[in-house]
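Overview (structure and organization)
Chain residues, written in single-letter form:
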Amino acid sequence: MLIVTNNPKFLGFQKEGFEVRYLEEDYLSVLKATRNLVHSGYEVLTHPLYGSVKPYETLYRTIVLKEGKKLDYNSVTLVEDAIVTAEKFYKMNKHFKWTPDILDDFQVIDKDLIDNAIERI
């Protein structure tokens, strides 16, 4: 399994069967990196827009994928739709400034959601 994230709470994450690919980039870049992986055969296991935090309300996104043998069209649609949605929200609300405490809260929320998803995979 592959975890693609820009959330620093995943630095040092270790769980058998999982590899972390940490990106020092923005939310949208995580979605685009995921799209590239999907086009190379990976399948998306966690929804790219999970949770109730909208794309413009957080800087962090983590997505779990598994390596496949062929192009998974459901994953292509899922991640492409997520990119369109994120771009739309970014255009509407791109000037948010968050305090370090709020940024940490967003990291904790993202990590907790993925930790719970991983337990079910």
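Above this text sits the structure in question.
None of the values given here were measured: they were computed from a predicted structure.

Basis of the calculations
- Residues numbered from 1 in each chain as written.
- Predicted model: local features only at pLDDT ≥ 70, side-chain atom pairs only at ≥ 80, totals over all residues.
- Heavy atoms only, no water.
- Helix = DSSP H or I, 4+ residues; strand = E, 2+ residues; numbered from the N terminus.
- Buried < 20%, exposed > 50% of the residue type's maximum accessible area, 1.4 Å probe, protein only.
- Polar contact = N/O pair within 3.5 Å; in protein donor to acceptor, adjacent residues only side chain to side chain.
- Contact = heavy atoms within 4.5 Å.
- Pairing = 2+ DSSP bridges.
- Salt bridge = Lys/Arg side-chain N within 4 Å of Asp/Glu carboxyl O.

Here we take up the side chain of T5. Residue position: T5 is located in strand β1 (residues 2-5). Under the relative-accessibility criterion, T5 is labelled buried at 0%. A distance of 2.8 Å separates a polar side-chain atom of T5 from the backbone nitrogen of N7. When neighbours within four sequence positions are excluded, T5 is seen to be in contact with F10, V20, R21, Y22, L23, V30, R61, T62 and D110.

Both faces of β1 are covered, namely the face carrying L2 and V4 and the face carrying I3 and T5. Taken together, the four bridges between β1 and strand β2 (residues 19-22) define a ladder with parallel strand orientation. Considered in β2, the bridge of T5 is made with Y22. Summarising the sheet, β1 and strand β4 (residues 62-67) pair through four bridges and their orientation is antiparallel.

Under the defined criterion, the tally for this structure stands at six salt bridges. K15 is the partner of E119 in a salt bridge, and the nearest nitrogen-oxygen pair spans 3.1 Å. Remark: K15 occurs in the loop between β1 and β2 and E119 occurs in helix α3 (residues 100-120); sequence separation between them is 104 residues. Linking R35 and E80 is a salt bridge whose minimum nitrogen-to-oxygen distance equals 3.9 Å. With a gap of 45 residues between them, R35 in helix α1 (residues 27-39) and E80 in helix α2 (residues 73-92) connect regions that are remote in the sequence. What makes R35 partly exposed here is its relative accessible area of 22%.

By themselves, these figures tell us nothing about what the structure is for.
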